[in-house]
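Single-letter residue listing:
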Amino acid sequence: MTEFDGLPVLRSPVLIASFEGWNDAADAATAVVDHLRTAWQAHLIDQIDPESYYDFQVTRPTVTMSESGPDVIEWPTSRFYLCRLPEAEHDVVLLRGIEPNMRWKSFCDDILDVCHRLEIDQVVLLGALLADVPFSQPLPITGSARDPELMRRLSLAPTKYEGPTGVVGVLHEAAEHAELDVISFWAHVPHYVSQPPCPKATLALLHRVEEVLDLPVPTGNLEADAADWEEQVRELVASDSEIAEYVQSLEQRDDEPGLEPLSGDEIAKEFEKYLRRRGGGPAAR
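Residues numbered from 1 in each chain as written. Predicted model: local features only at pLDDT ≥ 70, side-chain atom pairs only at ≥ 80, totals over all residues. Heavy atoms only, no water.

A look at the overall build of the chain
The following threshold applies: Secondary structure elements follow DSSP: runs of H or I no shorter than four residues count as helices, runs of E no shorter than two count as strands, and numbering proceeds from the N terminus. When accessible area is computed with a 1.4 Å probe and restricted to protein chains, residues below 20% of their type maximum are described as buried, those above 50% as exposed, and intermediate ones as partly exposed. Residue contacts follow a heavy-atom distance rule, with two residues in contact if any of their heavy atoms lie within 4.5 Å. Every accessible area reported is derived by Shrake-Rupley at a probe size of 1.4 Å, with residue values counting cover from the shown protein chains alone.
Along the backbone of the chain there are eight helices and 12 strands. Evaluated residue by residue, the chain yields a buried proportion of 48% over its 285 residues. A sequence separation of at least 24 residues applies to 77% of the contacts in the chain between residues at least 6 apart. For the chain, the accessible surface area stands at approximately 15000 Å², while carbon and sulfur atoms represent 48% of it.

Here is the structure:
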């Protein structure tokens with residue numbers, strides 16, 4: 001195997017990326033990359049120098065105590081992992097990132113530079129957002145792609161969101177300008193159960209990754225975890241009549257293509273309007 005700039009030569013590699021932070025409701029998107037790292041025994045091949053992109057007073061490094069030798073400091077950064085899949089036509093590169101505190105354009109340029117050196121021409125970006133969706137039904141996945149035919153093939157509802165964006169949106173645009181084949185998937189996480197983890201949203205994203213790669217992706221315990229999560233949420237909702245009625249109203253709502261993410265204020269207003277319609281006041285929680 002020959003190497004270029006210290007990086008391995010790959011077979012038509014595909015990049016799958018997710019980032020901690022604003023783009024990662026309930027940690028659902030980064031959980032996909034974490035799952036694949038373990039399932040495919042990925043190993044580290046490169047990382048972004050964090051010095052220029054993170055405020056270490058906001059995103060602090062961590063220290064690991066060791067019984068022998070010096071303590072190890074782990075710096076917050078974005079790391080690339082390689083998955084060798086002999087049965088597949090493509091190698092897979094995983095990017096497990098952290099949304100930067102500054103210099104987003106340069107950060108995306110650094111990521112695209114690694115893509116160039118690895119000869120990656122397809123990028124799959126994963127995100128998760130809070131939305132007013134029923135937990136008991138399949139969680140919607142919306143997204144966008146540079147290739148309209150791919151959107152049709154995946155039956156992907158396009159996002160029509162306008163407003164503040166995160167590094168996933170910025171990187172998507174940068175990848176398009178670099179003429180890479182890029183697609184973004186966004187899982188809609190029920191806002192009334194937004195604490196991580198949300199294995200049902202992670203599993204929904206994983207199935208979309210499977211469709212793009214066109215090969216079976218191991219799900220491990222995710223299916224059982226998603227079923228347990230749904231049962232726990234069902235019990236939680238049943239214990240609160242106001243939430244139960246709210247979820248029932250979501251279940252009975254007509255399907256709306258291109259569901260949009262809600263801001264925190266919009267979520268609160270929508271729920272308060274629902275309670276007022278039912279004769280109650282603002283939610284005291």
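Here we look at helix H5 (residues 199-213)
Our working definition: Expected span, for any helix, means 1.5 Å times one less than how many residues it has.
Between its first and last C-alpha, H5 extends 21 Å over 15 residues, near the 21 Å set by a 1.5 Å rise per residue. The buried count for H5 comes to 12 of 15 residues, which makes it a mostly enclosed element. Every buried residue of H5 is listed here: Pro-199, Lys-200, Ala-201, Thr-202, Leu-203, Ala-204, Leu-205, Leu-206, Arg-208, Val-209, Val-212 and Leu-213. Just downstream of H5 lies Asp-214, where phi reads positive at about 55 degrees.

Some remarks on unusual backbone geometry
A cis amide bond links Pro-196 to the next residue, Pro-197, at an omega of 0 degrees. With respect to the helices, strands and loops of the structure, Pro-197 is situated in the loop between strand E12 (181-190) and H5. Positive phi, normally seen in glycine, also occurs at Glu-119, with a value near 60 degrees. Assignment of secondary structure puts Glu-119 in the loop between helix H2 (104-118) and strand E9 (122-131). The class of Glu-119 is exposed, set by a relative accessible area of 60%.

Describing the pattern of salt bridges
Heads up, the rule is: What makes a salt bridge here is a side-chain nitrogen of Lys or Arg within 4 Å of a carboxyl oxygen of Asp or Glu, nothing more.
Applying the stated criterion across every chain yields a total of 13 salt bridges. Asp-34 is paired through a salt bridge with Arg-96; the nearest N and O atoms lie 2.9 Å apart. On the criterion of sequence distance, the pair formed by Asp-34 in helix H1 (residues 28-39) and Arg-96 in strand E8 (residues 92-98) is long-range, its members being 62 residues apart. The class of Arg-96 is buried, set by a relative accessible area of 17%. A salt bridge links Lys-200 to Glu-230; the nearest nitrogen and oxygen atoms lie 2.9 Å apart. Taken together, the residues span a long stretch of sequence, with Lys-200 in helix H5 and Glu-230 in helix H6 (residues 222-238) at a distance of 30 residues. By relative accessible area, Glu-230 is classed as buried at 18%. Via salt bridges that share partners, Glu-20, Asp-34, Arg-37 and Arg-96 belong to a single interconnected network.

With respect to the packing of aromatic side chains
Note the threshold: Each aromatic pair joins two rings of Phe, Tyr and Trp (for Trp, the six-membered one) with centres within 6.5 Å, and gets the label stacked for planes under 30 degrees apart, edge-to-face for over 60, and tilted for any other angle. Each ring is checked for a lysine NZ or an arginine CZ that lies within 6 Å of its centre and within 35 degrees of its normal; such an atom marks a charge sitting over the ring.
Going through the model one piece at a time under the given rule, you end up with four aromatic pairs. Consider the rings of Tyr-53 and Phe-107, whose centres lie 5.4 Å apart with planes at 75 degrees: the pair is edge-to-face. With Tyr-53 in the loop between strand E4 (43-47) and strand E5 (62-64) and Phe-107 in helix H2, this residue pair connects regions lying 54 residues apart in the sequence. Summarising the burial analysis for this pair, Tyr-53 and Phe-107 share the class buried. Where Tyr-192 meets Tyr-246, the ring centres are 6.1 Å apart and the plane angle is 85 degrees; that geometry is what we call edge-to-face. Of this pair, Tyr-192 sits in the loop between E12 and H5 while Tyr-246 sits in helix H7 (residues 241-252), placing them 54 residues apart in sequence. Of the residues examined, Tyr-246 reaches a relative accessible area of 4% and is grouped as buried. Each member of the aromatic cluster is reached from another via a ring pair, and the members are Phe-19, Tyr-53 and Phe-107. Over the ring of Tyr-81 we find Arg-37; its NZ or CZ atom is 4.2 Å from the centre of that ring.

Considerations on the side chain of Ser-78
Rules: Counting of polar contacts relies on pairs of N or O atoms within 3.5 Å, with two restrictions inside protein: one atom must be capable of donating a hydrogen and the other of accepting it, and residues adjacent in sequence are counted only when both atoms are side-chain atoms.
You can see Ser-78 is positioned in the loop between strand E6 (72-74) and strand E7 (79-83). Classification of Ser-78 as buried rests on a relative accessible area of 0%. A distance of 3.2 Å separates the side chain of Ser-78 from the backbone nitrogen of Ile-98, its partner in a polar contact. Residue contacts for Ser-78: discarding those within four places in its chain leaves Phe-19, Gln-47, Ile-48, Tyr-54, Leu-95, Arg-96, Gly-97, Ile-98 and Phe-107.

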